[in-house]
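Spelled out from the first residue to the last, the chains are:
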Amino acid sequence: MNSHDVAAPGGGGFIILATFLVGLMLSQIPMPHLFEWARPEWVAMILIYWVMALPHRVGMGVAFFLGLLLDVIKGSVLGLNALSLTIIAFLTLVLHQRLRMFPLVQQALMVMVLVGINQLLFHWMQAFTGYTGESLIFLLPCLMSGLLWPWLFVILRGIRRFFRIR
Amino acid sequence: MAADLYSAKVRDGRAYLSLILTPLQWIVDVPSRVAGEVSEVVVDRSLLLKENAKLKAEALQLERKVQQNDALRQENGRLRSLLKGSQRVDEEVVLVELIGVNPDPFQHQVIINQGSENQVTMGQPILDAGGVMGQVTEISHYTSRVMLITDARHALPVEVNRSGFRSIALGKGQLGELELDHVPDTADIDEGDLIVTSGLGGRFPRGYPVATVSEVIRDPGQSFSKVKIKPTAMLNKSRHLLLVNLPARPSDPPEEEQE
């Protein structure tokens, strides 16, 4: 790493924003009813990636705002997704140095756990506002997220390197 | 942050957040719209002819019904005026289009392409060609969110068309099924009966079809019989919906009504 690389971080804010926008779109694309149960948590995954890669730029504030948007998309009470995303952003911030060292498979397992925490928190809080659902099927998205993580990671890393976002 | 459950101010803020997301929703909807248009352009001539003939026959049938309907309506009006009853007012409908579905499978909600800029108001009923679909529960500027009658939080006052037995249709969070609440074992209700809105509660107009009874389970061990009904509206297929503009009522019910 030469001195050029240690320069102040900057640039690429729009790219990061664009990836989040794509995530928001993917999380509301219409799907057949059966697949809807298994829709990966795109926004949470993309958030985990950016927090892991650039913890000094993407943090809990971004997570909170994204959560608000996700709340509007999902029609849940304002703040549910905001809280759960903020919490997984915090956990990722704590874990980011370890996560970077992990091989992809182990990373995917960690992502599965993180997204699972997100799902549990979200559905636990949803239960207060009158929704009903008794099975554990709401955990299916975290399995899907874990399975898709390696690909998402490689794509986002490619984007980050291509645009030299630091 | 749960303030939006209670405060109208925060709900406005929510409307602005969803205004930010409106372009995204629009983009997400583009593929299905394009697919629809393409399949309209690329269509077999013989298929079109067949469809045309079918539609003509259907139109004839409907016109015959309307003719009868007109006479009946006149008669009904006369009888009502004889009884010095109040006249029933016709509701206006606006054609709206579905542009999105709530990605959360636990919540049965759809998004339509009109909002407060088009004078959509809270609680307006939504119909499709088959019957009642749901009601508006959240309004942004150019879009609004409709809770379907199958949502686990939705309840709808209904009556059996044949016998006039009144009940409440509860959503169960399952797409093709609702349940009638607290039906006594002796109630006059059978499989195949048509369930229509009763108009009680003042939110839905009276007499629109809601569902047909698919199963009545009378278990002597239970205090109520279990009545499963199947919605007549195509809740997960319809793209063109009707937004009902209710005629002004003397007293509007309080805003929070759904369970």
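Placed above this text is the structure.
All figures in this text were calculated on a predicted structure; none of them were measured in a lab.

Colleague: Pulling in residues and values, what's your account of helix α2 (residues 45–82) of chain B?
Modeller: With 38 residues, α2 of chain B should reach 56 Å at 1.5 Å per residue; the first-to-last C-alpha distance of 54 Å fits that figure. Two residues or fewer past α2 of chain B, Lys84 of chain B is found with a positive phi of approximately 55°.

Colleague: Quick one: what's the story with the packing of helix α5 (residues 80–101) of chain A against helix α6 (residues 104–128) of chain A, residue by residue and with numbers?
Modeller: Residues and elements named next belong to chain A. Following both chains from N to C, one finds α5 and α6 inclined at 160°, their axes separated by 9 Å at the closest point. What the angle tells us is that α5 and α6 run roughly antiparallel. The interaxial crossing formed by α5 with α6 has right-handed handedness. Facing Leu80, Asn81, Leu83, Ser84, Leu85, Ile87, Ile88, Leu91, Thr92, Leu95, Leu99 and Arg100 of α5, the residues of α6 in contact are Gln107, Met110, Leu114, Ile117, Asn118, Leu121, Phe122, Met125 and Gln126. Looking at the contact of α5 with α6 residue by residue, the classes come out as 14 nonpolar, six polar and one charged.

Colleague: An account of the interface of chain B and chain A is needed here, citing residue identities and associated values.
Modeller: A common way to state how big an interface is: give the accessible area lost once the parts meet. With 23 residues of chain B in contact, the opposing surface of chain A contributes 33 residues. Carbon and sulfur atoms make up 71% of the surface buried where chain B meets chain A, a total of about 2,700 Å² over both sides. By the criterion of area lost to chain A, the three top residues of chain B are Val28, Pro103 and Phe106 of chain B, representing 25% of everything that side buries. The tally of links between chain B and chain A comes to zero salt bridges.

Colleague: Could you give an account of the side chain of His108 of chain B, naming the residues involved and the relevant values?
Modeller: Residue and element names in this part refer to chain B. Relative to the elements of secondary structure, His108 occurs in the loop between β1 (92–101) and β2 (109–112). Of the polar contacts made by the side chain of His108, one reaches the backbone oxygen of Gly173; its length is 3.4 Å. In this structure His108 touches Val146, Met147, Leu148, Thr150, Asp151, Gly173, Gln174 and Leu175, once residues within four positions along its chain are discounted.

Colleague: Before we move on, can you summarise the sheet that holds strand β6 (residues 155–160) of chain B with the specific residues and values?
Modeller: Residues and elements named next belong to chain B. Here six strands make up a closed barrel; going around it, the order is β6-β7-β8-β11-β10-β9 and the pairing antiparallel. Going across the sheet, the axis of each strand differs from the next one's by a mean of 45°, ignoring polarity. Judged from the three bridges that link them, β6 and strand β9 (residues 194–197) form a sheet pairing that is antiparallel. Paired with Val158 across the strands is Thr197, a residue of β9.

Colleague: Mind laying out unusual backbone geometry, listing which residues take part and the relevant values?
Modeller: A positive phi angle, close to 60°, is found at Gln119 of chain B, a residue other than glycine. Looking at Gln119 of chain B, the relative accessible area reads 60%, which means it is exposed.

Colleague: How would you explain the nonpolar core if you had to name every residue and give the values?
Modeller: Formed by 46 residues in total, the largest nonpolar core has its most connected members in Phe20, Leu24, Leu47, Tyr49, Trp50, Leu85 and Trp149 of chain A. At the level of secondary structure, the elements contributing two or more residues to this core comprise α1 (13–26), α3 (42–53), α4 (60–74), α5, α6 and α7 (140–162) of chain A together with α1 (8–41) of chain B. If one sorts the elements of this core by residue count, α3 of chain A sits on top with twelve residues. Sequence-distant contacts of Phe20 of chain A, that is, excluding residues within four places in its chain, are made with Val43, Ile46, Leu47, Trp50, Val58, Val62 and Leu66 of chain A. The next biggest cluster of nonpolar side chains, apart from the first, holds 36 residues, and it includes Val132, Ile149, Leu180 and Ile189 of chain B.

Rules of the game
Residue positions within a chain follow its written sequence, with the count starting from 1. Starting at A for chains and at 1 for ligands, labels are handed out in the order in which the entities are written. Local features in a predicted model are, by the rule used here, given only for residues with pLDDT of at least 70; side-chain atom pairs are given and counted only at 80 or more, and totals for whole chains, interfaces and linings are based on all residues. Water and hydrogen atoms play no part in the side-chain values, which are based on all heavy atoms of the structure. Helix and strand definitions here come from DSSP, where helices need a minimum of 4 consecutive H or I residues and strands a minimum of 2 consecutive E residues; each element is numbered from the N-terminal end. A helix is expected to span 1.5 Å multiplied by its residue count minus one. Interaxial angles span 0 to 180 degrees and are taken between N-to-C directions of axes, which are lines fitted to C-alpha atoms, for helices over the stretch in contact. Geometric relationships in this document are graded by angle, where less than 35 degrees denotes roughly parallel, more than 145 denotes roughly antiparallel, 65 to 115 denotes roughly perpendicular, and other angles denote oblique. Note: crossing handedness is left-handed where the near helix turns anticlockwise from the far helix by less than a right angle, and right-handed where it turns clockwise. The contact criterion used is simple: two residues touch if any of their non-hydrogen atoms lie within 4.5 Å. Note on residue categories: nonpolar means Ala, Val, Leu, Ile, Met, Phe, Trp, Tyr, Cys or Pro, charged means Asp, Glu, Lys or Arg, and polar means any other residue, Gly included. When two parts are brought into contact, each loses some accessible area as probed by a 1.4 Å sphere; the total of that loss over both is the buried area. In what follows, salt bridge is the name for a side-chain nitrogen of Lys or Arg lying within 4 Å of a carboxyl oxygen of Asp or Glu. We define a polar contact as two N or O atoms separated by no more than 3.5 Å, with the added condition that, inside protein, one atom must be a possible hydrogen donor and the other a possible acceptor, whereas residues neighbouring each other in sequence contribute only through side-chain atom pairs. Note on pairing: two strands pair once DSSP finds at least 2 bridges between them. Relative accessibility under 20% of the residue-type maximum defines a buried residue, over 50% an exposed one, and the middle range a partly exposed one, all with a 1.4 Å probe and only protein chains included. Put simply, a nonpolar core is a bunch of buried Ala, Val, Leu, Ile, Met, Phe, Trp, Tyr and Cys residues held in one set by side-chain atoms that sit within 4.5 Å of each other.

These values are about where atoms sit, not about what they do.
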